[in-house]
Amino acid sequence: MKNIIGLSHINIVVENIERGIEFYEVLLGAVVYQKFPTFKNEGFAKAAGFLEMASDISVSIAFLKVPSTPLILELMEYHTPKTTLIDPETIRQKDVTIVEGVKHIALSVRNIETEFSRVKKIDGVTLINESLGYEPCKIDDITINDFEIPGRNVVGNAKEEVQKIINNTWYFYFLDKYGVQWEFEQGHVDLIN
């Protein structure tokens, strides 16, 4: 679609704006670049679906940039109506095979073993599989016959380059305390840059 021009942000509702900011600073190295404390705006509220009580809606908002990526996080803490808290265990029990919204956000990383060790120690992070054997895994080698490059006239060694990238990709998944599932992946950036 020619009218879609880029990624804007990913919204995450948090129980406390300052604790949410701190969490993503630790987890992703995110940096706050805009804050709207106790924001009240009828147009904003109506666009969010609060037509009947638009003048009563109050929310704190923080925009955070994840360095070295185009990723912007929009954290929101609702004051009126109050942010709804659910049991943290319910947040962490997402099955990767269930159709239910965005499944994960992937970030390219270097030194995946170091990132794995760091991330699993952060309070509020749950690995997708909590068994002791879970660790970053390499994608099994593929051949150029295992995939297609649709809609493109494949010239030269384009398929071999894709094969090389996939055959050197490692990743792991985890959920954060707000129920966002993340994938840290190593391989694409190292081979493309």
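Residues numbered from 1 in each chain as written. Predicted model: local features only at pLDDT ≥ 70, side-chain atom pairs only at ≥ 80, totals over all residues. Heavy atoms only, no water.

### Here's the deal with helix 1 (residues 17–28)
In a regular helix each residue adds 1.5 Å, so twelve residues correspond to 16 Å; helix 1 covers 16 Å between its end C-alpha atoms and thus fits that length. Ile-17, Gly-20, Ile-21, Phe-23, Tyr-24, Leu-27 and Leu-28 are the residues of helix 1 that are buried. End-on, the buried residues of helix 1 take up no more than an arc of 160 degrees, which puts them together on one face. Where helix 1 ends, the next residue or the one after it, Gly-29, has phi of about 70 degrees, a positive value. (Helix = DSSP H or I, 4+ residues; strand = E, 2+ residues; numbered from the N terminus. Expected span 1.5 Å × (residues − 1). Buried < 20%, exposed > 50% of the residue type's maximum accessible area, 1.4 Å probe, protein only. Arc of directions from axis to C-beta.)

### A closer look at the sheet that holds strand 4 (residues 72–80)
One open sheet accounts for four strands, arranged 1-4-3-2; its pairing is mixed. For this open sheet the edge positions go to strand 1 (10–13) and strand 2 (31–39), each flanked by a neighbour on one side alone. Neighbouring strand axes in the sheet, compared pairwise and without regard to direction, differ in orientation by 20 degrees on average. Pairing analysis gives six bridges linking strand 2 to strand 3 (residues 58–65), with the strands arranged antiparallel. Residue pairing in the sheet places Lys-35 in a bridge with Ala-62 of strand 3. Taken strand by strand, helix 1 contacts strand 1, strand 2, strand 3 and strand 4, and its axis lies near 160 degrees from that of strand 4. (Pairing = 2+ DSSP bridges. Axes fitted to C-alpha atoms, helices over the stretch in contact; angles between N-to-C directions. Contact = heavy atoms within 4.5 Å.)

### With respect to the layout of surface pockets
If you add up the space inside the second largest pocket, you get close to 300 Å³. For the second largest pocket, the lining is made up of 14 residues, of which Pro-67, Ser-68, Thr-69, Ser-108 and Val-109 are closest to its centre. At the level of elements, helix 1, strand 5 (105–108) and helix 4 (112–119) are the ones that each hand at least two residues to the lining of the second largest pocket. (1 Å grid on protein atoms, 1.4 Å probe; cavity = no way out; pocket = protein on both sides within 12 Å on 5 of 7 lines; lining within 4 Å. Points joined across faces, edges and corners; volume = space filled by probe spheres on them.)

### Describing unusual backbone geometry
Here the residue pair Thr-80 and Pro-81 is connected by a cis peptide bond, since its omega of -10 degrees sits within 30 degrees of zero. Phi is positive for Thr-38, close to 45 degrees, though the residue is something other than glycine. Tracing the backbone shows Thr-38 in strand 2. Judged by its relative accessible area of 52%, Thr-38 is exposed.

### Structural notes on the pairing of strand 4
Each regular strand shows side chains that alternate between the opposite faces of the sheet. Most of strand 4 sits inside the fold, with seven of its nine residues counted as buried. Inspection of the sheet shows strand 1 paired to strand 4 by four bridges, in the parallel sense. The residue of strand 4 that forms the bridge with Ile-10 is Leu-73. Sheet topology note: the strand 3/strand 4 ladder contains eight bridges and is antiparallel. Within the sheet, the bridge partner assigned to Lys-65 lies in strand 4 and is Ile-72. Hairpin connection of strand 3 to strand 4: six residues between the antiparallel strands, including Ser-68 at a positive phi of 65 degrees.

### Points about helix 4
Each full turn of the α-helix corresponds to 3.6 residues, which orients residues three or four apart in the same direction. Inspection of helix 4 places Ile-112, Glu-115, Phe-116 and Val-119 among the buried residues, and these make up the whole buried set. Seen from one end, helix 4 has its buried residues packed into an arc of 100 degrees, which puts them on one side. The elements touched by buried residues of helix 4 are helix 1, strand 6 (126–127), strand 8 (170–175) and strand 9 (181–186).

### What about the nonpolar core?
Tyr-24, Leu-27, Leu-28, Leu-73, Leu-75, Phe-174 and Trp-182 are the most contacted members of the largest nonpolar core, which totals 32 residues. Among the elements of the structure, helix 1, strand 3, strand 4, strand 5, helix 4, strand 8 and strand 9 are those that each provide at least two residues to this core. Every residue in contact with Trp-182, bar those within four places of it in the chain, is listed here: Tyr-24, Leu-27, Leu-28, Leu-71, Leu-73, His-104, Ile-105, Leu-107, Phe-172, Tyr-173, Phe-174 and Asp-176. Core analysis: the second largest hydrophobic core is formed by six residues, Val-59, Phe-63, Met-76 and Tyr-78 among them. (Core = buried A, V, L, I, M, F, W, Y, C linked by side-chain atoms within 4.5 Å.)

### Digging into the pattern of salt bridges
Counting across every chain of the model gives five salt bridges. Its salt-bridge partner being Glu-115, residue Arg-118 comes within 2.8 Å of it at the nearest N-O pair. Within this pair, Arg-118 and its partner Glu-115 are both found in helix 4, separated by three residues, close to a single helical turn. Between Lys-138 and Asp-141 there is a salt bridge, with the nearest N and O atoms lying 2.8 Å from each other. Among the residues examined, Asp-141 registers a relative accessible area of 57% and is labelled exposed. (Salt bridge = Lys/Arg side-chain N within 4 Å of Asp/Glu carboxyl O.)

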